[in-house]
Amino acid sequence: MSEQEQQPYVVVERRASGVVAFLCGALVGAGVALLLAPKSGRETQADLKEGARRLREGTGERLTDLRDTLGERYDRTRDRVETQVGAFRRNVADRQQQAGEAIKAGKDAARQARSDLEARVSESKEAYRAALAEGADPEDHPEDGSGDGSGDATGDEAGEAPEADEKAGDADGGASRE
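Residues numbered from 1 in each chain as written. Predicted model: local features only at pLDDT ≥ 70, side-chain atom pairs only at ≥ 80, totals over all residues. Heavy atoms only, no water.

(A) Quick look at the environment of Gly29. With respect to the helices, strands and loops of the structure, Gly29 is situated in helix H2 (residues 18–36). Residue Gly29 is classed as partly exposed on the basis of its relative accessible area of 38%. On a C-alpha basis, the gap between Gly29 and Gly51 in space is 9.9 Å, while along the polypeptide they are 22 residues apart. (Helix = DSSP H or I, 4+ residues; strand = E, 2+ residues; numbered from the N terminus. Buried < 20%, exposed > 50% of the residue type's maximum accessible area, 1.4 Å probe, protein only.)

So this is what it looks like as structure tokens:
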């Protein structure tokens, strides 16, 4: 035996509509009736006409039923799809609203943080200017104990840094208030 012969068989059955089965059965029945009928030609013709009439009526009824069934299924499917599309649209609208609220909250938080920062910078500048006005060296560090900052390398560096910070703050402060 070859490998192909050893493979299992897969049978795929397709369900035909009832109309096709009905028509096939009617044709086979008509053929058998003609062969086995002990009737005259006129009687057979009358029977065939009656059979054709019943076949037309049955087919018309079945087609009407099929059309109605398909129409109902179409309507149900359309309603289901419309419901799902509506739910999807509401979900998208909700997400857009949430995103808009989050953006607004972020902008508000950024404005508040900027305002707080500007207030702190302003307070620091005022404290620095007040110390200069009193004649005290704002660079003196009471914790190092020297008080005058002389001979201290970090004192010289610290003396330069606030002026640079103040200039940078003035430049930044002016630009940020525009």
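(B) Summary view of a nonpolar patch on the surface. Residues Val28, Val32, Leu35 and Leu36 make up a contiguous nonpolar surface patch of roughly 450 Å² in combined accessible area. Its location among the elements puts Leu35 in helix H2. (Patch = residues over 30% accessible without salt bridge, like charges linked within 9 Å, V, L, I, M, F, W, Y side chains within 5 Å. Areas by Shrake-Rupley, 256 points an atom, 1.4 Å probe, with all protein chains shown as cover. Salt bridge = Lys/Arg side-chain N within 4 Å of Asp/Glu carboxyl O.)

(C) The arrangement of a negative patch on the surface in detail. A cluster of like negative charges, contributed by Glu61, Asp65, Asp68 and Glu72, occupies part of the molecular surface. Relative to the helices and strands, Asp65 is located in helix H3 (residues 41–133). (Lys, Arg positive; Asp, Glu negative; His and termini not counted. Charge placed at Lys NZ, Arg CZ, Asp CG, Glu CD.)

(D) The packing of H2 against H3, seen in detail. Relative orientation of the contacting elements H2 and H3 amounts to 175 degrees, with a least axis distance of 11 Å. Between H2 and H3, the angle is such that the two are roughly antiparallel. Taken together, the residues of H3 that come into contact with H2 (itself represented by Gly18, Val19, Phe22, Leu23, Ala26 and Leu34) are Thr44, Leu48, Leu55, Thr59 and Arg62. Residues that form the contact of H2 with H3 fall into these classes: seven nonpolar, three polar and one charged. (Axes fitted to C-alpha atoms, helices over the stretch in contact; angles between N-to-C directions. Parallel < 35°, antiparallel > 145°, perpendicular 65-115°, else oblique. Contact = heavy atoms within 4.5 Å. Nonpolar A, V, L, I, M, F, W, Y, C, P; charged D, E, K, R; others polar.)

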